[in-house]
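# Structural characterization, general
Listed here are the chains, written in short residue letters.
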Amino acid sequence: MKSNYKRLGDYINEVNNRNTNLDDVKLLGVSIQKVFIPSIANTIGTDMSTYKLIKKKQFAYGPVTSRNGDKISVALLDDYEEAMISQAYTSFEVIDENELLPEYLMMWFRRPEFDRYARFMSHGSAREIFGWEEMCNTLLPVPTISEQKEIVKEYNVLMDRINLNNGLIQSLEDTAQTIYKQWFVDFEFPDENGKPYKSNGGEMEFNEELDKEIPKGWKDGTLNEIANIIDGDRGANYPSIEDMSKNGFCLFLNAGNISKTGFNFTEKTFISEEKDRSLRKGKLSRNDVVLTSRGTVGNVAYYSEAIIFDHIRINSGMLILRREEFVESTIFIYSMLRNTDMKMAIENYLSGSAQPQLPIKDLIKIPILIPNKEVLIAFSKIGIRLQTHIDAINNQNVKLSEFQDVLLAKMSSIKEKVL
């Protein structure tokens, strides 16, 4: 053992405060992204007095590790003064923040090496458990408190920048959706004189399939009329071994990488060529749109020219939508799938009992509006400009995330100062 590595159990205490007074506080869960998230558990008829209360700067983790793949669900409460968690979680706190900063400890938990250690130390037959004893036996370097503060400060500078960038991305996404709604829901796209079409006497006609008036010359249709839809785990889109052997690996995405705001490249899995031989999954081409179609259905992402990964493949539970030639850009398809009306329509076509799913055969039943080509071209030019900004910020976040990974990796080589 390195001389500066300490046993974590000497710095933490288990916390087991039950909600006996039935306090009205937020019910949270812990995700494999190592953050607290609002719980989606059905608590109707549940005795909430058995749930645990957790305070700011306290931790919680899920000791059952066999259901989370390679990740350990552990998080530090930072956004709430107090919250409530399931009794299935183990909660704990740092004994003395003058010896160990909770934020520094959370950085250690974010290291992939900790995940591998916890999975290795988990035990059990029916389900594997990383118990309290195993948590306490975890070893980590504990430098001086001033060094810990400096490490945390460096990490937070990067995190603050990522959060700021995410706010900018959201603003740009909102702008794109506002324009989409203005043009294709309210029909106030610019006419030949640059004035809003509908409010300036643009000719409208009733469409029976869509059950509403639409601009003259527009029509109803389905997604397969404007896009080639490919299932993530089948179709003629399989990459060859030659494709994969160029770099020896690719970025492999699952549904968890497609969030409500697009691709999440900070959670990624690289798959080697050798392992990839047994994974016959869909390969993305530039300007494809990806739609989640199983589990969490309806999240959508746009794979643009600016994204820095050259080899990206997706698994089952996702669909690739690739534009037909007469459609100027997949930006229109992407914006349509992000629109609230389309998301509500998708909800009406879901199937599956164990988990929601949207097979291609049902997706193509959803009626859509197909504008004329001139409007599609004009909208695509605006949408591409906005998407270019979004992609640039996303790529900056990827780089910032890589810098964070470097900081986390350096934690294992921290030297203990000799006085």
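Here the structure is a predicted model, which means the values were calculated and not measured.

### Side note on the overall build of the protein chain
When you go through the protein chain residue by residue, the secondary structure sums to 11 helices and 25 strands. Out of the 419 residues in the protein chain, the part that is buried amounts to 46%. Carbon and sulfur atoms form 49% of the exposed surface of the protein chain, whose accessible area is close to 21500 Å².

### Points about the sheet that holds strand β9 (residues 82–85)
Taken in spatial order, the five strands of this open sheet run β3-β6-β9-β4-β5, and their pairing is mixed. With one partner strand each, in any of the chains shown, β3 (17–18) and β5 (36–38) form the two edges of the open sheet. Strand direction decides the pairing type here: strand β6 (residues 52–55) and β9, joined by four bridges, are antiparallel. Each residue of the ladder has a partner; that of K52, found in β9, is I85.

### Description of the layout of surface pockets
Of the pockets and cavities examined, the second largest pocket occupies roughly 390 Å³. Taken together, 18 residues line the second largest pocket, and the ones lying closest to its centre are L210, K212, D341, P367 and I368. Contributing elements (two or more residues each) for the lining of the second largest pocket: α4 (145–184), α8 (330–338), α9 (340–347) and β25 (368–370). Ranked by residue count, the leading element in the lining of the second largest pocket is α9, at three residues.

### Here's the deal with the sheet that holds strand β24 (residues 318–323)
Strand pairing in a sheet takes place through backbone hydrogen bonds and is either antiparallel or parallel in direction. Spatially, the four strands line up as an open sheet ordered β15-β24-β21-β22, and their pairing is antiparallel. The sheet is open, and its two borders are formed by β15 (227–231) and β22 (300–303), each paired with just one other strand. With strand direction ignored, the average angle separating the axes of adjacent strands in the sheet is 25°. Judged from the four bridges that link them, strand β21 (residues 288–292) and β22 form a sheet pairing that is antiparallel. Paired with L291 across the two strands is V300, which belongs to β22. Of the strands in this sheet, β15, β21, β22 and β24 touch α8, which is tilted by about 165° from β22.

### A look at the pairing of strand β13 (residues 212–215)
In this structure, strand β12 (residues 204–207) lies alongside β13, joined through four bridges in antiparallel fashion. If you follow E205 over to β13, its bridge partner there is I214. The hairpin formed by β12 and β13 contains four residues between the paired strands, and D211 there has a positive phi angle of roughly 60°.

### Focus: the nonpolar core
If you look at the biggest cluster of nonpolar residues, it comprises 47 residues, and the most contacted ones within it are L223, I226 and L321. Sort the elements by how many residues they give to this core and α4 lands first, with seven residues. When near neighbours in sequence (up to four residues on either side) are disregarded, L223 contacts I229, L321, I333, M336, L337, M342, L363 and I368. In terms of nonpolar packing, the next biggest core, distinct from the first, is built from 35 residues, Y5, I12, I151 and L407 among them.

### Some words on α8
Along α8, nine of the nine residues are buried, which leaves the element largely enclosed by surrounding structure. Taken as a whole, α8 has its buried residues at T330, I331, F332, I333, Y334, S335, M336, L337 and R338. At the N-terminal boundary of α8, the capping side chain belongs to S329, with an oxygen 3.0 Å from the backbone nitrogen of I331.

### Notes on unusual backbone geometry
Although it is not a glycine, L22 adopts a positive phi angle of roughly 55°. The residue L22 is located in the loop between β3 and β4 (27–30) in this model. Here L22 falls in the exposed class, since its relative accessible area comes to 54%. Not every positive phi belongs to a glycine, and F187 is a case in point at roughly 60°.

### Here we look at the pairing of β21
Burial analysis of β21 places five of its five residues in the buried class, the great majority of the element. Burial along β21 is two-sided: the residues D288, V290 and T292 and V289 and L291 are all buried. By the bridge criterion, four bridges tie β21 to β24 in an arrangement that is antiparallel. Note that in β24 the partner of T292 across the bridge is M318.

### Remarks on the confidence of the model for the protein chain
Looking at the protein chain as a whole, the pLDDT averages 84, with 82% of positions reaching at least 70. Every residue in residues 234–239 is under pLDDT 50, and counting partners more than four places away or in other chains gives 13 contacts. This model gives residues 244–252 a pLDDT under 50, and the stretch forms 36 contacts once residues within four places in sequence are excluded.

### Focus: the environment of M318
Structurally, the position occupied by M318 is in strand β24. For the pair M318 and V297, spaced 21 residues apart in sequence, the C-alpha separation works out to 8.7 Å.

### What about the environment of L8?
Its location among the elements puts L8 in the loop between β1 (5–7) and β2 (12–15). Along the chain, L8 and C136 lie 128 residues apart, while their C-alpha atoms are 5.1 Å from each other. Those residues within four positions of L8 in sequence are excluded, and the remaining contacts are L100, L105, F109, M135, C136, T138 and L140.

### What about the packing of aromatic side chains?
A complete count under the given rule lists 23 aromatic pairs for this structure. Measuring from ring centre to ring centre gives 6.5 Å for F332 and F379, while their planes differ by 90°; the resulting arrangement is edge-to-face. With F332 in helix α8 and F379 in helix α11 (residues 373–410), the pair connects residues that are 47 residues apart, well separated along the chain. Residue classification places F332 among the buried residues on the basis of a relative accessible area of 2%.

### Here's the deal with the packing of helix α1 (residues 102–110) against α4
Relative orientation of the contacting elements α1 and α4 amounts to 60°, with a least axis distance of 9 Å. Taken together, the axes of α1 and α4 are oblique relative to one another. Crossing angle aside, the handedness with which α1 passes α4 is left-handed. For the pair formed by α1 and α4, the contact residues are E103, Y104, M107 and R110 on the first element and Q148, I151, V152 and Y155 on the second.

Rules behind the numbers
Residues numbered from 1 in each chain as written. Predicted model: local features only at pLDDT ≥ 70, side-chain atom pairs only at ≥ 80, totals over all residues. Heavy atoms only, no water. Helix = DSSP H or I, 4+ residues; strand = E, 2+ residues; numbered from the N terminus. Buried < 20%, exposed > 50% of the residue type's maximum accessible area, 1.4 Å probe, protein only. Areas by Shrake-Rupley, 256 points an atom, 1.4 Å probe, with all protein chains shown as cover. Pairing = 2+ DSSP bridges. 1 Å grid on protein atoms, 1.4 Å probe; cavity = no way out; pocket = protein on both sides within 12 Å on 5 of 7 lines; lining within 4 Å. Points joined across faces, edges and corners; volume = space filled by probe spheres on them. Axes fitted to C-alpha atoms, helices over the stretch in contact; angles between N-to-C directions. Contact = heavy atoms within 4.5 Å. Core = buried A, V, L, I, M, F, W, Y, C linked by side-chain atoms within 4.5 Å. Polar contact = N/O pair within 3.5 Å; in protein donor to acceptor, adjacent residues only side chain to side chain. pLDDT = per-residue confidence, 0-100. Phe/Tyr/Trp six-rings, centres within 6.5 Å; stacked < 30°, edge-to-face > 60°. Parallel < 35°, antiparallel > 145°, perpendicular 65-115°, else oblique. Left-handed = near helix turned anticlockwise from the far one by under 90°.

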